[in-house]
Structures are given as structure tokens and as C-alpha cells.
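# Remarks on the overall topology
The primary structure of each chain is shown beneath.
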Amino acid sequence: MKVAFFSAKSYDKEYFNKFNSDHQHDLTFLEVPLNAQTVSLTTGFDVVCVFVNDVINQKVIDVIHANGIKVIALRCAGFNNVDLKAAKSRGIKVVRVPAYSPESVAEHAVALILTLNRKTHKAYNRVREGNFSIENLTGFNLFGKTVGVIGTGLIGASFCKIMLGFGCKVQAYDIRESEELVQIGVQYKSLDEVFRESEIISLHCPLNPHTAYLINQESIGKMKDGVMLINTSRGALINTQDAIEGLKSGKIGFLGIDVYEQEADLFFQDLSEIVIQDDVIARLISFPNVLITGHLGFFTKEALEEIATITLGNLSDFEHDKELVNEVKS
Ligand code: NAD
């Protein structure tokens, strides 16, 4: 099938080309994102292969339908950036990679916790400059702390297991509880209890109308003073302005984020020589207790291999009229 990759990076080319020999799809890699401005580039293709910040709204779907696109292949798990109803009404299939190495994201969430807590990034810079002082690098033991997990699907479950390994008390909220996690010691609680009782809160639920701005002035107000908040899921789970107020008052003691509501204008690009116009992220970057990574939770070689093989398999299944096991339905 003729596949147009949008937002394509060098690693997409490397991994998809490597695993395409079994499938023989015709792959074209475009650096631009897919959105209303770039959608005319879809002419002549059967498939658009998109990533987290491509915008596949009603307008884009109308044009790709007119251009003969039959499949939207998400090379990620989340699908909040696709208007599923519009795709369905135009008969366009949407497929995704529901599970690729959930450990990659779970382990990144742990990396954010450990870095914020033990300040290894600051210690590294000090030592490089010949400064061996440990003043102001005090951390806290994770052992015995209460960790709240919101969303215990694949990534959240992996995260729970790691935190249990640290000797933490792990409590969780999900609309569906996992018996397997209860068996190994995770306690399910109400959302309010998770907010009120946790020293660390990590978000692993999808972004949807029920979870948008789950973390806001009111929920932050319920949290323990000095709480550590970790978000590797989707930026709009947090009302960033409210989080900034929480940081300024000291209510939020640490914030670690791999995702940001307005990340589409920033992430995955080298903006080091450009004046950043987004004052909200500029304010966030200025806090000594905020750690931001640019959506790289998924970025391990194991995950990239799985993303490529599952996406190419999804397209071959469509081509050969097989059941689309990874179809996203509205
Ligand atoms: P999953 O579908 O396996 O798990 C999501 C869990 O959230 C499910 O158990 C579901 O019941 C629960 N949930 C749904 N609505 C909820 C609500 N209102 N409150 C609490 N829980 C709710 O998904 P996953 O693979 O674990 O991925 C979780 C999220 O991680 C994805 O939606 C995506 O946004 C994000 N993600 C980020 C990266 C990254 O690189 N940072 C990579 C992959 C996925």
C-alpha cells in the first residue's frame, strides 16, 4: 500500500524501512505534520501514518477521503487527535498500536520521579564543573511512601509493579479495577482518596472528555502539601495554569511531565535558536522543581521495533482483508 508518513523523523525511517521487507509497502516519509494546511500532500496515497501531534479533524478527514485515503494508521497508542466519528462516516478505518512496550513509558515515569527526587541532573552538572558540594540536593526515600496511580491499564500496571518493588504503598483509581493488581498489593480507592492520600501521583489514563483537566485548581487543593505530580500520559490531563499556581504556592512540590497541552507547537523540534513564544512553558521551565521531557516516554528501541512491526502488520491485514485486530472504533 502507498503510505504517507507525517511528522516523520530519522528513527521512523530507520525502523519502518528495516521491518518493511516482510510487507513491501511503499513508504514515503514527510517531515511536516498532518493538519489542514498540509492535507493536500495526501494525494496519491492509500494510507496516512500519523503520530501524537498530527491533527486529524473533520476538515482533514473530508480532504483525505476525497484523496482516496482508506486507512489512518496511528503509530502510537493514544487516538485523542483523530475525529473517529468523522472517519467512520467517511468509511475510513483507524488503526493504532494499542500496546508497545508499556514498560518504556512506565520506566520513564520512574526516571522522572528519581531525577526530581534525587536531583541527579543537578548533581551531574555540578560535578562537571568541579563542584562536589551536595548542599540543597536532599531527596527522600521512596520506600514506604504512598504512590497514587490514575489509570491502571498496560502502562499504569507496569508502573504499579515497579513502585511496589521500591517498597511503596501503591493505591490506584481506574474506572475498571484489575484483580491481578489487587492480588499483588495495589489498593483501589476513590479518586478523591488518591488525591488526598498520595505523596506521589502519576497519571496513566487516556485523555478524553472525562479526564481533560483532571488535575485542576480543585483537585490540586485536595492533594498533600508538597505532592509530586507525574504526567507521561497526555498534556491536557493537567490544567497547566492551575499547576503553575500550585507550584508557586508550594502545594505542588515537584512536577515531572513528558507531555504538555500545547506541545504540538514545540515538541519534536529543535527550537534552541528561536525565541519561544509560549509563556506558559517558559514559566514552567523556570521552576527548579519542574522536570520536562519532550514526549519521549515511548522512545526505547524495543518500543520502536514494536511500533513499526505492529503498524506495518495493521496495514497488511487491511490489504489482505483480514480482521483488523487493532482497529479503533468510535
Ligand atoms: P490503556 O488503555 O492500557 O490504559 C488506560 C487505563 O485508563 C485503562 O485501565 C482505563 O480503564 C483507564 N481509564 C479510562 N478512563 C479513566 C478515567 N476517567 N479515570 C481513570 N482511569 C481511566 O492505555 P496505556 O497503554 O496504559 O496508555 C495510557 C496513556 O499513556 C495513553 O492514553 C497515552 O495517552 C499515554 N502514552 C504516552 C506515551 C508517551 O510517550 N509519553 C506513550 C504511550 C502512551
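Residues numbered from 1 in each chain as written. Predicted model: local features only at pLDDT ≥ 70, side-chain atom pairs only at ≥ 80, totals over all residues. Heavy atoms only, no water.

Lining the immediate environment of the ligand, one finds 23 residues, of which Leu154, Ile155, Asp174, Thr232 and Asp258 sit closest. Contact with the protein chains removes 87% of the 870 Å² of surface that the ligand exposes when unbound. For the shell around the ligand, the class distribution of residues is ten nonpolar, nine polar and four charged. (Near = heavy atom within 4 Å. Areas by Shrake-Rupley, 256 points an atom, 1.4 Å probe, with all protein chains shown as cover. Nonpolar A, V, L, I, M, F, W, Y, C, P; charged D, E, K, R; others polar.)

Taken in spatial order, the seven strands of this open sheet run S8-S7-S6-S9-S10-S11-S12, and their pairing is parallel. Each edge of the open sheet carries a strand with a single partner, namely strand S8 (187–188) and strand S12 (290–292). Together, strand S9 (200–203), strand S10 (227–231), strand S11 (252–257) and S12 form the strand contacts of helix H4 (residues 102–118), whose direction differs from that of S10 by roughly 145 degrees. Each of strand S6 (146–150), strand S7 (169–173) and S9 touches helix H6 (residues 154–165); the most contacted strand, S6, lies at about 175 degrees to it. (Pairing = 2+ DSSP bridges. Helix = DSSP H or I, 4+ residues; strand = E, 2+ residues; numbered from the N terminus. Contact = heavy atoms within 4.5 Å. Axes fitted to C-alpha atoms, helices over the stretch in contact; angles between N-to-C directions.)

This brings us to the pattern of salt bridges. For the structure shown, the criterion picks out twelve salt bridges. Between Glu180 and Lys161 there is a salt bridge, with the nearest N and O atoms lying 3.3 Å from each other. Of the two residues, Glu180 sits in helix H7 (residues 179–183) while Lys161 sits in helix H6, which places them 19 residues apart along the sequence. As a salt-bridge pair, Arg196 and Asp192 come within 3.6 Å of each other at their nearest N and O atoms. Here Arg196 pairs with Asp192, and both are found in helix H8 (residues 191–197), just four residues apart, close to one helical turn. Taking relative accessible area as the criterion, Asp192 reaches 30% and is therefore assigned partly exposed. By sharing partners, the salt bridges in this structure join Asp192, Arg196, Glu218 and Lys222 into a single network. (Salt bridge = Lys/Arg side-chain N within 4 Å of Asp/Glu carboxyl O. Buried < 20%, exposed > 50% of the residue type's maximum accessible area, 1.4 Å probe, protein only.)

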